[in-house]
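# Close look at the chain arrangement
Chain by chain, the residues run as shown.
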Amino acid sequence: MRLEPIANPTPLRRLGLPALAIAATMLVATLLALIAGADPFATLGQIATGALGSRLAVLETLNRATPLIFTGLAVAVAFRAKLWNIGAEAQLYAGAIMAVLLGTGALGSPLVLPVSALAAMLAGALVLLGPVLLKTRLGVDEVVTTLLINFIMLLFVSYLLEGPMKDPMGMGWPKSPALIPEARLPRIVDGLRLHWGFGLALLAAALVWVIQTRTTLGYEIRAVGQNPAAARFAGIPVNAVLLKTALLSGGLAALAGWSEVAGLKGHLSQDLSPGFGYTGIIVAMLALLHPLGVVISALFVAGIFVGSDAMSRAAGVPTYIADMLLATALLFMVLAILLTKFRVVRG
Amino acid sequence: MTDIIDILISASFWAAVIRIATPLIFATMGELICERAGVLNLGIEGIMVIGAFTGWMAVYQGMPLWGGVATAMLAGMLFGLLHSTLTVPFGLSQHVVGLGVTLLATATASFAYRLMLPEVTSPPKIEPFQPLDLPILSDLPFLGEAIFQQTALTWAAFAVAGLVAFTLYRTPLGLAVRAAGENPAAVEAQGLSVTALRMGAVMVGSGLMAVGGAFLTLSAFSSFFFEMVNGRGWVCVALVVFGAWKPGKAVLGAILFAGFDALQIRLQQTDLGAVLPYQLFLAAPYILSILALILMSRRAEVPAALMVPYNKGER
Amino acid sequence: MTDPQEKAEVVLRLDRITKAFGPLRANDAISLTLRRGEVVALLGENGAGKTTLMNILFGHYVADEGTVEVFGKPLPPGQPRAALQAGVGMVHQHFTLAGNLSVLDNIALGTESLWSRGRGRTAARARVEGLAQDFGLAVDPMAKVSRLTVGERQRVEILKALYRDAKILILDEPTAVLTPQEADALFATLRHATARGLSVIFISHKLHEVTAIADRCLVLRHGRVVGEVDTHATDKAQLAALMVGGELTLPKAEARVAGPVLMELQAVSTPDRGAAPGLKAVTLTLRAGQITGLAGVSGNGQAALADLISGLLLPAFGTVSLNGTPITRWTPRIAVAEGVGRIPEDRHHTGSIADFDLTENAVLEGYRTRRFSRRGWMNWPAARAFAEGIIAAYDVRCPGPETRIRLLSGGNMQKLILGRALAPGPQIILANQPVRGLDVGAIAYVQSQLIAARDRGAAILLISEDLDEIMGLSDVIHVMSQGRLSPVFPRGTVSAPDLGLWMAGQGFDGARHAA
């Protein structure tokens, strides 16, 4: 077999194939339910109602989507430049640490929220800066370094929570002290458990979209990602663009941790992120790296997670079905995207 | 300082080094085969997880230990088939597919574990591989305990490394694999199938990665835990670079690395451990891996076609 | 050379081969027969379908229709292995060698069963050395391919085929990378081989080579056979007319008085890059209203010189002056701002971004200027207007500025790059292989634009491996070899064989004369 580029893919092909990828994922879901001995349609139904069936469920889904929008954007921005930032998990925790560092009394004025947000972004950017400098200066592959830093960062957080950042009132649990009220993100509507982190995530998505389509930086990022040799020849400072991309990406990922601490949890613990950084990769790929698509795909992914939790309690299909479905969706989607651009021909 | 010397002259330390090196050698050889053929396999972490799980589960269900190893290998090859189908004939991004395979394999292990053992709170244990009693050698003073009291799987790891080196450098097959990683067009022009070579390499390599994972459950810990692979796969990717894509150097790298790992575990028990946070010791393997990558950057000869998909007739 | 015997055995028969790529019919019912000991040339301009036809014969592609017969037996389609076993050997235009492996490994690759232990190197080595001696293809079997010259690599490619007992040898544009002397040596090897019963298909677009080596010649145009002629009974004019389908002569630059020096390199050296040499104390002046041709086998430092002028490289030693002022800061962006127009060697890899549309590609060099952006915000309407201007002025055939550039033909892609480089009215123009791979119409267009730019007063550096192109366009000529620059030869004072000697490294001060 051979791949032949398609000159002008029809809209049916461009939209139909990604839709088919989602449909195929659903097919896998029914198969998994069957393997687990459950009624497949009931299982799918329970996932859907678990994610959207009640006001509480919807709010839970929106809350879960918030960090995923941030990490999804972080990955989408980086992958556009073919900067393989797999370290969103570490950057997320860097942001969470700053939220605690500045939000537990060090800063008492109304400034605390914007200042800690900026500090979080800076910290996340710094975490990614190392691997990117190693890539641009020494040619060290950033995939492995960012992955390894995730593990180092988790150990660092563990150290903080058992040492300098330990809550003296925590009854021995490794968690940080609670944030002061001024450092918490307010709720969007009184009485509803949805914080402004969600609003900020939407704003971030819009901003990234504007950057990518309207600014020279966005143009540079796309050029560097698609053909670094041509970008360099044309006069685009490739390494500088990669550094700027890293700052943006790391900063966005850090906001995920910052908003989880400042908006949802109110403190830092070791289980703050159930792999939001890694899931961000799935979110970004399902969105075809489009910043506004990230919002939709984050909602979809969050829905699968929240719905699977609810379904698992009711139907007894392991909740890990969600992880399997999302990984499957990722693989189907990259294949579908390829087939929108190429057709498989014989010989 | 005397602490370190005490550790280094203890036989149990060296036995631990070899034990810790075993899964790394298996998985590093697996990754090395893939990369020599031109495919970066980031599915390694998840494939080690699925190997650890399937090997253990097979034995728990009543298979002999070697049956567990074979099951793990088969499971690894299955995920290798998935990886290589997407990355070789379709030429998809090896980064994205690799991470996708890791996520899928990890999730599959978790899902299957919960499905097969819905009620248990702690995973059941199996009877693991026992150290082989080698005539004379195992009874040597010091060396006997330090080197010659290992399980059969450990000896298998070294045998596999030797076999990989021999095949790569001394057989027509190895030449073809190396050429596929250097210039696939050269392979095709000589009438060989780049697709078959690369897919085969990824499948065999993935099988070895899974055996490396199975060592953890069948030899080292005798039980399965979700987080047990814990970044070892990523470390092996770094070890391939550190070993300059050469089997011998990669094995040495794995042993060196295992040495540091065994050392940090023991140092935690010393005065040093009382002063420094234990997390620093636990982070040492990851920090070392990054240092190894920095050290070897731009020195080694990377396979020229690594991560370059090959589309027939496109030139 | 013996006369082709009418009764010689037919070794290869292609019958009505047809192959389409999307809407393009690359091969349209092409038939060809090849007899034992015969050299048949496949003549046609770029894009005529020669390489596609040979890739079908060799099994890289599967034909939509038609059959291939070797020694009377049909060849299964799509299997290079089957072609090799039937005795077909192919020397591709872009060599298919693994640089990190030895010559011997490259030759032995795939010749033994993958599941065998292998025969051992001694026997294989002896065989390679024997063949090398027999056919006059001297090369060290243990050398790493990455260390070999282009000419040596071609010998390895031919040895690969001979090692497999090839009875039919296909050579795809084999002289494109050789000096005239090396080409003569290749021809001698081929005559020697045909005398021993080998049959050769020789793909070329150069008429003088075809008449020199081939017995018969098949002329292709737009995927069809437009003529089959006995090369002994025809002349170049007739072949040329067949090839391009009528009268189409390439522009010739008339002699002209040169103006002041615009750019000057004074004893410039740059570091080597792997096996590719850097510049070795190169002194070069580029004058207004003059085309300076740079001849040489690729990989002899041309890339370093092109990078230097493009702004990608600074000299390690020596100075570069623009209008008499030595440059200090030098990047592609500064180079463009200082009036350097750049046409890169590889339009796909460095000249354009495949999935960007024409607008985005058009402003690749100028997006930072006030015309196209303010304070970091792109002015897309202005960019689009600019792209439309280039499309109109440079005759870029496309549906519109929002077309992705990957969908354009090579010629139209090159016209957009040409327009992008020439639109700001550069004083200095780097034209690095500006017509490589283009069809005759596009070649004529690009060359006439370069001549027009010269006549307007620009200084042009034309880098090419094609001596005909260099000699047809240049006012003055230099030759580059191993990073060194020959003295300047004004138009008409040097012959192609003389240039060939310089290309081979002879004549340079202190140069060891190659054997």
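Quick caveat, the model's predicted, so the values are computed rather than measured.

## As for the overall build of chain A
Of regular secondary structure, chain A possesses 13 helices and two strands. Taking 2.2 N^0.38 as the reference for a compact globule, 347 residues should give roughly 20 Å; the C-alpha atoms of chain A span a radius of gyration of 21 Å, in line with that estimate. Dimensions of chain A, computed from C-alpha atoms along their principal axes, come out at roughly 70 × 60 × 35 Å. The buried share of chain A, taken over its 347 residues, is 56%. Excluding contacts between residues fewer than 6 apart, the proportion of contacts in chain A whose partners are at least 24 apart in sequence is 76%.

## A word on the overall build of chain C
Along the backbone of chain C there are 17 helices and 23 strands. Computed over the C-alpha atoms, the radius of gyration of chain C is 24 Å, within 12% of the 24 Å expected from 2.2 N^0.38 for a compact globule of 515 residues. By principal-axis analysis of the C-alpha atoms, chain C measures approximately 70 × 55 × 50 Å. Here chain C holds 515 residues, and the buried ones make up 50% of them. In chain C, of all internal contacts separated by at least 6 residues, the share reaching a separation of at least 24 is 69%.

## A short note on the interface of chain B and chain A
Between chain B and chain A, the contact holds 39 residues from the first and 37 residues from the second. Within the residue set of the side of chain B that touches chain A, elements represented by two or more residues are α5 (94-116), α11 (232-242) and α14 (278-296) of chain B. Looking at the side of chain B that touches chain A element by element, the count peaks at 13 residues for α5(B). Its residues placed into classes, the side of chain B that touches chain A shows 24 nonpolar, twelve polar and three charged.

## Side note on the sheet that holds strand β14 (residues 317-322) of chain C
Residue and element names in this part refer to chain C. The sheet built from four strands is open, its strands ordered β12-β11-β14-β15 with antiparallel pairing. Both edges of this open sheet fall to β12 (282-287) and β15 (325-326), since each of them pairs with a single strand only. Here β14 runs beside β15; their pairing, made up of two bridges, is antiparallel. Residue pairing across strands places Leu322 opposite Thr325, the latter belonging to β15.

## So, the interface of chain C and chain A
Chain C puts 31 residues into the contact, and the matching count from chain A is 19 residues. Class assignment of the residues belonging to the side of chain C that touches chain A gives a composition of 16 nonpolar, ten polar and five charged.

## Thoughts on unusual backbone geometry
Residues and elements named next belong to chain C. For Ala267, which is not glycine, the phi torsion reads 50 degrees and is therefore positive. For Ala267, the location among the structural elements is in strand β11 (residues 261-269). The partly exposed category is assigned to Ala267, around which 13 C-beta atoms lie within 10 Å. In this model, Gln482 sits at a positive phi of 50 degrees, which is unusual for a non-glycine residue. Note that Gln482 resides in the loop between β21 (476-481) and β22 (484-485). The exposure class assigned to Gln482 is partly exposed, which follows from the 15 C-beta atoms found within 10 Å.

## Overview of the nonpolar core
Residues A:Leu73, A:Leu330, C:Val88 and C:Ile170 are the most contacted members of the largest nonpolar core, which totals 395 residues. The biggest single contributor to this core is helix α10 (residues 194-220) of chain B, with 16 residues. Beyond its immediate sequence surroundings of up to four residues, A:Leu73 is in contact with A:Ala204, A:Ala205, A:Val208, A:Leu252, A:Pro291 and A:Val294.

## A few points about the environment of B:Leu8
Summarising the element assignment, B:Leu8 is placed in helix α1 (residues 2-8). Separated by 251 residues in the primary sequence, B:Leu8 and B:Gly259 place their C-alpha atoms 9.5 Å from one another.

## Description of α14(B)
Over its 19 residues, α14(B) extends 28 Å from the first C-alpha to the last, a length consistent with the 27 Å expected when each residue adds 1.5 Å. At B:Ala284, α14(B) shows its largest bend, some 45 degrees, and a proline, B:Pro285, comes one to four positions later. By the burial criterion, the buried members of α14(B) are B:Leu282, B:Ala283, B:Pro285, B:Tyr286, B:Ser289 and B:Leu293. Turning to α14(B), the residues buried within the fold contact α6 (142-162) of chain A together with α11 and α12 (247-267) of chain B.

## Considerations on the environment of A:Pro181
Position of A:Pro181 relative to the elements: it lies in the loop between α6 and α7 (196-214). The sequence separation of A:Pro181 and A:Gly105 amounts to 76 residues, and the corresponding C-alpha distance is 9.7 Å.

## Notes on the pairing of strand β3 (residues 39-43) of chain C
All names here are of chain C. Most of β3 is tucked away, with five of its five residues classed as buried. In β3, alternate side chains face the same way, and those of Val39, Ala41 and Leu43 on one face and Val40 and Leu42 on the other are all buried. Taken together, the five bridges between β3 and strand β8 (residues 199-204) define a ladder with parallel strand orientation. Directly across from Val39, in β8, lies its bridge partner Val200.

## What to know about the confidence of the model for chain A
Across chain A, the average pLDDT comes to 92, with 100% of residues at 70 or higher. By mean pLDDT, strand β1 (residues 2-5) of chain A is the weakest element of chain A at 82, and helix α8 (residues 216-226) of chain A is the strongest at 97.

## Brief notes about the packing of helix α11 (residues 276-286) of chain A against helix α12 (residues 291-315) of chain A
All names here are of chain A. Following both chains from N to C, one finds α11 and α12 inclined at 125 degrees, their axes separated by 8 Å at the closest point. Taken together, the axes of α11 and α12 lie oblique to each other. For α11 against α12, the interelement crossing comes out right-handed. Across the interface between the two elements, Thr279, Ile282, Val283, Ala284 and Leu286 of α11 pack against Val294, Ser297, Ala298, Phe300 and Val301 of α12. Of the residues that constitute the contact of α11 with α12, the class distribution is eight nonpolar, two polar and no charged.

## Thoughts on the packing of helix α7 (residues 152-170) of chain B against α12(B)
Residues and elements named next belong to chain B. For the pair α7 and α12, the least separation of the axes is 9 Å and the interaxial angle reads 155 degrees. Considering their axes alone, α7 and α12 lie roughly antiparallel with respect to each other. Packed against α7, whose contacting residues are Ala161, Val164, Ala165 and Leu168, the element α12 presents Pro247, Gly248 and Val251 at the interface. Looking at the contact of α7 with α12 residue by residue, the classes come out as six nonpolar, one polar and no charged.

## Observations regarding the sheet that holds strand β4 (residues 65-70) of chain C
All names here are of chain C. The sheet built from four strands is open, its strands ordered β2-β1-β4-β5 with antiparallel pairing. What marks the edges here is a single partner per strand, and that holds for β2 (24-35) and β5 (73-74). The pairing of strand β1 (residues 10-21) with β2 spans eight bridges and is classified as antiparallel. Bridge pairing in β2 places Ala20 opposite Arg25.

What counts, and at which threshold
Residues numbered from 1 in each chain as written. Chains lettered and ligands numbered in written order. Predicted model: local features only at pLDDT ≥ 70, side-chain atom pairs only at ≥ 80, totals over all residues. Helix = DSSP H or I, 4+ residues; strand = E, 2+ residues; numbered from the N terminus. Rg over C-alpha atoms; globule rule 2.2 N^0.38 Å. Buried ≥ 20, exposed ≤ 12 C-beta atoms within 10 Å, placed from the backbone. Contact = placed C-beta atoms within 7 Å. Nonpolar A, V, L, I, M, F, W, Y, C, P; charged D, E, K, R; others polar. Pairing = 2+ DSSP bridges. Core = buried A, V, L, I, M, F, W, Y, C linked by C-beta atoms within 7 Å. Expected span 1.5 Å × (residues − 1). Bend = angle between axes of the 7 residues up to and from the residue. pLDDT = per-residue confidence, 0-100. Axes fitted to C-alpha atoms, helices over the stretch in contact; angles between N-to-C directions. Parallel < 35°, antiparallel > 145°, perpendicular 65-115°, else oblique. Left-handed = near helix turned anticlockwise from the far one by under 90°.

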